Amino acid sequence: MPITEANLYDQLSEQSKSRILIVDDEEAVRKVFAARLEKHYECVPAANAQEALTLLARQQFALALLDVQMPGLSGIELLRKMIKDFPDVAVIIVSGIGRGQRVIDALRIGAFDYLIKPCDLDVLQLSVERALERRALLRDGKRYKQDLEKRNEELASQKAELERLQAQLVQNEKMVSLGQLAGGVAHELNNPAGFLYSNMESLGEYASGIERLLAIHDRMPLSTELAAEANAVKQELHYERLRAELPSIIADCQEGARRIRDIVMNLRTFSRLDEAEVKKVDIHAGIDASIRLLSQYYNSSHITLRRDYGDLPLVECFAGQLNQVWVNLLTNAAQAIGQGPGQVRIETGLDDGAVAVKISDTGKGIEPQDLKRIFDPFFTTKPTGEGTGLGLSISYGIIESHGGVIKVESTPGKGTTFTTLIPASAQRCKAGQPN
Ligand code: ADP
């Protein structure tokens, strides 16, 4: 057993003289017992049970010798009380009555021994020694048990902490490698996505110009020969259908190009390809701006928005990126509520020196098996077109790069709370550098 302050104290007090309480209404008996035992033990006399209880409450005793028949509480009743209130004190009954049943009862209640008066003083001393040995063994056993239980608890909490750290490491590594992958893809796609998007814009304008020209052209009189040639080409091209469908085909392509451009932009942010300036910003202003941006959700009647803003210092950060986090979290909250009705609550304040922003919704919640995956890029439970599965992975990267953490708690059917904690003066790494 390791030496702790508590058990060192126990061992020291154990080594000093054990204290014995001698409870008997006859003074002569008390004196004879004390005379025999006081060479090895400190003896304290008590004339009745009440006096004994008062002494027990005041001092530590290793053992008590109890007479049975005394005025007031009997020795057996005192034994019962002691087993309940002073279980650490060993008890030997010393009685003039040696009826078998009484002896059995006393031993069953918890007395260590039952001696019959007048008893041989050598037998008394031997019984006291053995009772004290047994008590010491019991106490050691109890101490070992407590120590083991304490160590088990420590081990369990160390194991939980290790598991948490391991999960965090895996998550961090995953995020770093996914960030690199996403960064590479975004880098390659950035130019083609850009010209695809801008060319589609131009193509739309050109096509509507040609459309206007064709409308005039169709009304122009043609020679029989040219009309026949034009008709043959028109038939081959399914001209009427082509003209009707061309604007919507171009519009679909434009929409597709816009989505590709947005995804590439998100991937770039996720992998931190875009660096902007660090500024001291008002977090509340950023959240309010994000809410304005999401007016399609937050101006509707089925979502109630509650803002509980605390006092926050200005935070040194990349404002644009943090705003993207608020937009993502607030979009998800609103989409989780769907047609509602529901409530979104934003609470801010300082938590142990960090700026805390808590966004809770009363939406549909997240299934436990999905909770582990929501920060993975491209994980989405939303229909195509509504979700890309990038919002949370981007937010995770942004908060992490500001030296903060993002946490989630959710109950399916009840709602979800995302909490972000960012140091008031966020230290951000340059792109590509590990945190
Ligand atoms: P997306 O919103 O495009 O699906 P996200 O990365 O933002 O991508 O979210 C990933 C998934 O996490 C969502 O599809 C949804 O299943 C879940 N999720 C995120 N926020 C919430 C929320 N507030 N309530 C319920 N589910 C959520």
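Here is what the cut-offs are and how they apply
- Residues numbered from 1 in each chain as written.
- Predicted model: local features only at pLDDT ≥ 70, side-chain atom pairs only at ≥ 80, totals over all residues.
- Heavy atoms only, no water.
- Pairing = 2+ DSSP bridges.
- Helix = DSSP H or I, 4+ residues; strand = E, 2+ residues; numbered from the N terminus.
- Axes fitted to C-alpha atoms, helices over the stretch in contact; angles between N-to-C directions.
- Contact = heavy atoms within 4.5 Å.
- Parallel < 35°, antiparallel > 145°, perpendicular 65-115°, else oblique.
- Left-handed = near helix turned anticlockwise from the far one by under 90°.
- Nonpolar A, V, L, I, M, F, W, Y, C, P; charged D, E, K, R; others polar.
- Salt bridge = Lys/Arg side-chain N within 4 Å of Asp/Glu carboxyl O.
- Near = heavy atom within 4 Å.
- Polar contact = N/O pair within 3.5 Å; in protein donor to acceptor, adjacent residues only side chain to side chain.
- Areas by Shrake-Rupley, 256 points an atom, 1.4 Å probe, with all protein chains shown as cover.

A. Quick look at the sheet that holds strand β10 (residues 354–361). Overall, mixed pairing links the 5 strands, which are arranged β7-β9-β10-β12-β11 in an open sheet. Edge positions in the sheet fall to β7 (303–308) and β11 (405–411), since each of these pairs with one other strand and no more. In this sheet, adjacent strand axes meet at a mean angle of 15° when their direction is disregarded. Direction of pairing for β10 relative to strand β12 (residues 415–423): antiparallel, over a ladder of 8 bridges. Across the sheet, the residue bridging to I359 is F418, located in β12. Lying over the sheet, helix α9 (residues 283–293) contacts β7, β9 (342–351) and β10, oriented at roughly 165° with respect to β9.

B. Structural detail: the sheet that holds strand β4 (residues 90–95). Strand order in the open sheet formed by 5 strands is β2-β1-β3-β4-β5, with parallel pairing between adjacent strands. The outermost strands of the open sheet, each flanked by one partner alone, are β2 (42–46) and β5 (113–116). Strand-to-strand twist in this sheet, taken as the mean axis angle between neighbours without regard to direction, amounts to 20°. Both strand β1 (residues 19–23) and strand β3 (residues 63–66) contribute to a ladder of 4 bridges, which runs parallel. From the neighbouring strand, I22 faces β3, where its bridge partner is L65. Contacting β1 and β2, helix α3 (residues 49–58) runs over the sheet at an angle of about 140° to β2.

C. A look at the packing of α3 against helix α4 (residues 75–85). Relative to each other, α3 and α4 sit at 15°, their axes nearing to 10 Å. Taken together, the axis directions place α3 and α4 in an arrangement best described as roughly parallel. Handedness of the crossing formed by α3 with α4: right-handed. For the pair α3 and α4, the contacting residues are A49, A52, L53 and L56 in the first and L78, K81 and M82 in the second. Grouping the constituent residues of the contact of α3 with α4 by class yields 6 nonpolar, no polar and 1 charged.

D. Structural detail: the pattern of salt bridges. Inspection of every chain in the model, using the stated rule, returns 19 salt bridges. As a salt-bridge pair, K84 and D85 come within 3.6 Å of each other at their nearest N and O atoms. A salt bridge links K234 to D218; its shortest N-O distance comes to 3.5 Å. In this pair, K234 is assigned in helix α7 (residues 224–237) and D218 in helix α6 (residues 121–219), connecting sequence segments 16 residues apart. When salt bridges with common partners are traced through the structure, they connect E211, D218, K234 and R243 into a single cluster.

E. Summary view of the site of the ligand. Among the 19 residues in the neighbourhood of the ligand, the closest are listed as N332, T380, T381, K382 and L392. At 2.8 Å, a side-chain N or O of N332 approaches an oxygen atom of the ligand. Take L392: an N or O atom from its main chain is 2.8 Å from an oxygen atom of the ligand. Look at the ligand: alone it shows 540 Å² of surface, and the protein chains cover 94% of it. Of all the elements in the fold, those that place two or more residues in the shell around the ligand are α11 (319–337), α13 (391–401) and β12. Examining the composition of the shell around the ligand, we find that 3 residues originate from one element, α11, more than from any other.

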